[in-house]
Amino acid sequence: MAARPISHAEKGQMPDLRPIGLFDSGVGGLTILKKLATLLPHENFVYLGDTARLPYGSKSPETIVKYLEQNLDFLERHQVKSAVVACNSASTVVVDQRIKARAFPVFDVILPGSEAAVRASESGRIGIIGTRATVRADSYQRAILKLNPMAKVFSMACPLLVPLVEEGWEDDPLTNLVIYRYISPLLKENIDTLVLGCTHYPALKTSIAKVVGPHVQLIDSSQSIAEILLREGESMIEPTPRPPSAAKSELDLTPQKISISITDKSEAFVEVARRLLYPLIVSSFEQVDL
Ligand code: DGL
């Protein structure tokens, strides 16, 4: 059995109350926020959805680097203790380009997803679906081959899936058809594992699972990101669960704060965000300029 994480109170330390920051171009990164906020109920979160500049997946690496730095500046102004680039298209530039050094750790989603895929795949035949930017960057392929040089990786860009999620059409016959059209060529390659290489796609997990069938495992990196945060940010992240016998601290009585900022007003975003995050409660929504 894995060792239970020790809380700050048990170690006689003060908890680090600064929030964890995340960003994505839109609602996609909320799939990671939900996982983290559920697994770490004593942590507060600041989420930025760059709705004014969505989609990132069709932009050049130079433009994505510029957006990423501005988004990290925003999170820095909110005094985050760590940042998760909850967007695969932006994570590829963290992996491949030189980005500004920050006073807080910046986590990308490529390595956690690749590690999870290599662990899950028995045949080593792994499919990747993502935006054009992610597929073009080839970051998953390189990370997976480093972990398992015998692996065979097959990628497919699925640019129509992000707008379908932003529209809230997660469960729709049209969406199922689009998924089928994109994924069929990967199934012909006999993959046994499929990486959801875009943070919007976990919202389509039910439809994707129907299309791929029970013999293909779906990988979304949110679980692995939480594990990496706990492992590498041990001194600043409040672990959970605590033993029922643990003394109640002020932290237990303070409700978790989830603040969401978007760069363009979008009723659809607010509605989809509430639905994707349910039963978590968003403390504040605001529109911001970067
Ligand atoms: N959710 C983002 C990703 O993981 C990208 C969506 C977009 O194209 O803006 O790649």
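Small disclaimer: the values here were computed from a predicted structure and weren't measured. Per chain, residue numbering runs from 1 following the sequence as it is written. pLDDT decides what is reported in this predicted model: residues at 70 or higher carry local features, side-chain atom pairs at 80 or more are listed and counted, and totals for whole chains, interfaces and linings draw on all residues regardless. Heavy atoms from the whole structure form the basis of all side-chain values; hydrogens and water molecules are not counted.

Asks: Would you explain the site of the ligand in this entry?
Replies: A single heavy atom is enough: if one lies within 4 Å of a molecule or strand, its residue is considered near that molecule or strand. In the vicinity of the ligand there are 13 residues, among which Ser-25, Tyr-56, Asn-88, Ser-89 and His-200 approach most closely. Distance and chemistry together define a polar contact, namely a pair of N or O atoms within 3.5 Å, with one atom able to donate a hydrogen and the other to accept it when in protein, and with adjacent residues in sequence counting only for side-chain atoms on both sides. One of the side-chain N or O atoms of Asp-24 is found 3.0 Å from a nitrogen atom in the ligand. The separation between an oxygen atom of the ligand and a polar main-chain atom of Asn-88 is 2.7 Å. Protein coverage of the free-state accessible area of the ligand, which is 300 Å², stands at 99%. The residue classification treats Ala, Val, Leu, Ile, Met, Phe, Trp, Tyr, Cys and Pro as nonpolar and Asp, Glu, Lys and Arg as charged. All others, Gly included, are polar. The residue inventory of the shell around the ligand, partitioned by class, reads five nonpolar, seven polar and one charged. The Shrake-Rupley method, run with a 1.4 Å probe, gives the accessible areas here. Residue values count only the displayed protein chains as cover.

Asks: Looking at this model, I keep getting lost on the pairing of strand E9 (residues 258–262). Mind explaining?
Replies: Looking down a regular strand, the side chains alternate between one sheet face and the other. Within E9, five of the five residues are buried, which leaves it mostly tucked inside the rest of the structure. Residues of E9 alternate between two faces, with Ile-258, Ile-260 and Ile-262 on one and Ser-259 and Ser-261 on the opposite face, all of them buried. By the bridge criterion, four bridges tie E9 to strand E10 (residues 284–287) in an arrangement that is parallel. In the sheet register, Ser-261 faces E10, and the bridge partner there is Glu-286. What joins E9 to E10 is helix H12 (residues 267–277), and the crossover it makes is right-handed. We call a residue buried when its accessible area falls under 20% of the maximum for its residue type, exposed when it is over 50%, and partly exposed in between, using a 1.4 Å probe and counting protein chains only. Helical segments are the DSSP runs of H or I of at least four residues, strand segments are the runs of E of at least two, and each set is numbered from the N terminus. In short, DSSP must find at least two bridges between two strands for them to pair. Looking down the strands as they point away from you, a crossover is right-handed if its path from the first strand over the helix to the second goes clockwise.

Asks: Sorry, what's going on with the nonpolar core here?
Replies: The nonpolar side chains of soluble globular proteins are, as a tendency, buried together. The term nonpolar core refers to a set of buried residues drawn from Ala, Val, Leu, Ile, Met, Phe, Trp, Tyr and Cys, joined through side-chain atoms within 4.5 Å. Counting 53 residues, the largest nonpolar core has Leu-194 and Ile-208 as its most contacted members. By definition in these notes, contact holds between two residues if any of their heavy atoms fall within 4.5 Å. The contacts of Leu-194, once residues within four sequence positions are left out, are Gly-127, Ile-128, Ile-129, Ile-183, Leu-186, Ile-208, Val-212, Val-216, Gln-217, Leu-218 and Ile-219.

Asks: Would you take a moment to explain the sheet that holds strand E6 (residues 152–157) for this structure?
Replies: Two pairing modes exist for strands in a sheet, parallel and antiparallel, and in both the strands are linked by backbone hydrogen bonds. With respect to topology, four strands assemble into an open sheet ordered E6-E5-E7-E8, the strand pairing being parallel. Unpaired on one side and paired on the other, E6 and strand E8 (217–219) mark the two borders of the sheet. Across this sheet, the average inter-strand angle for adjacent strands is 20 degrees, counted without regard to direction. Note that strand E7 (residues 193–197) and E8 share three bridges and pair parallel. The residue of E8 that forms the bridge with Leu-194 is Leu-218. Every axis in this analysis is a line fitted to C-alpha atoms, fitted for helices over the stretch in contact. Angles between the N-to-C directions lie between 0 and 180 degrees. With respect to the sheet, helix H4 (residues 110–120) is in contact with strand E5 (125–130), E7 and E8, its orientation differing from that of E8 by roughly 165 degrees.

Asks: Sorry if this is basic, but what is going on with helix H8 (residues 173–188) here?
Replies: For an α-helix, 3.6 residues make a turn, and residues three or four places apart therefore share a direction. Between its first and last C-alpha, H8 extends 22 Å over 16 residues, near the 22 Å set by a 1.5 Å rise per residue. Fitting axes to the seven residues ending at a residue and to the seven starting there, one defines the bend at that residue as the angle between these axes. Most pronounced at Tyr-182, the bend in H8 amounts to some 35 degrees, and the proline Pro-185 follows within four residues. Among the residues making up H8, those that are buried are Thr-175, Val-178, Ile-179, Tyr-182, Ile-183, Ser-184 and Leu-186. Among the structural elements, E5, E6, helix H7 (161–166), E7 and helix H9 (205–212) are those in contact with the buried residues of H8. A positive phi of about 60 degrees marks Asn-190, the residue just after H8. One less than the residue count of a helix, multiplied by 1.5 Å, gives the span that helix is expected to have.

Asks: What should I look at first to understand the state of the cysteines in this one?
Replies: Covalent bonding between the sulfur atoms of two cysteines defines a disulfide. Disulfides are defined in this document as cysteine sulfur pairs within 2.5 Å. A full pass over the atoms with the stated rule returns zero disulfides. Cys-198 supplies the cysteine sulfur nearest to Cys-87, a cysteine that is in no disulfide, at a spacing of 6.9 Å. According to the relative accessible area criterion, Cys-87 is buried, its value standing at 4%.

Asks: For this particular structure, what's the right way to read the environment of Asp-96?
Replies: Positionally, Asp-96 belongs in helix H3 (residues 88–96). As for Asp-96 and Asp-138, which are separated by 42 residues in sequence, their C-alpha atoms are 9.8 Å apart. Those residues in contact with Asp-96, other than ones at most four positions away along the chain, are Ala-137, Ser-139 and Arg-142.

Asks: Please explain unusual backbone geometry as it appears in this structure.
Replies: Excluding glycine, residues mostly have negative phi values, and the peptide bonds linking residues are mostly trans. The amide bond that connects Leu-54 to the next residue, Pro-55, takes the cis arrangement and shows omega of 0 degrees. Checked against the element boundaries, Pro-55 lands in the loop between strand E2 (45–49) and helix H2 (61–77). In this chain, Tyr-278 is followed by Pro-279 through a cis amide linkage whose omega measures 10 degrees. Along the chain, Pro-279 falls in the loop between H12 and E10. At Gln-79, a position not held by glycine, the phi torsion is positive, near 50 degrees. Take Gln-79: it is sitting in the loop between H2 and strand E3 (82–85).

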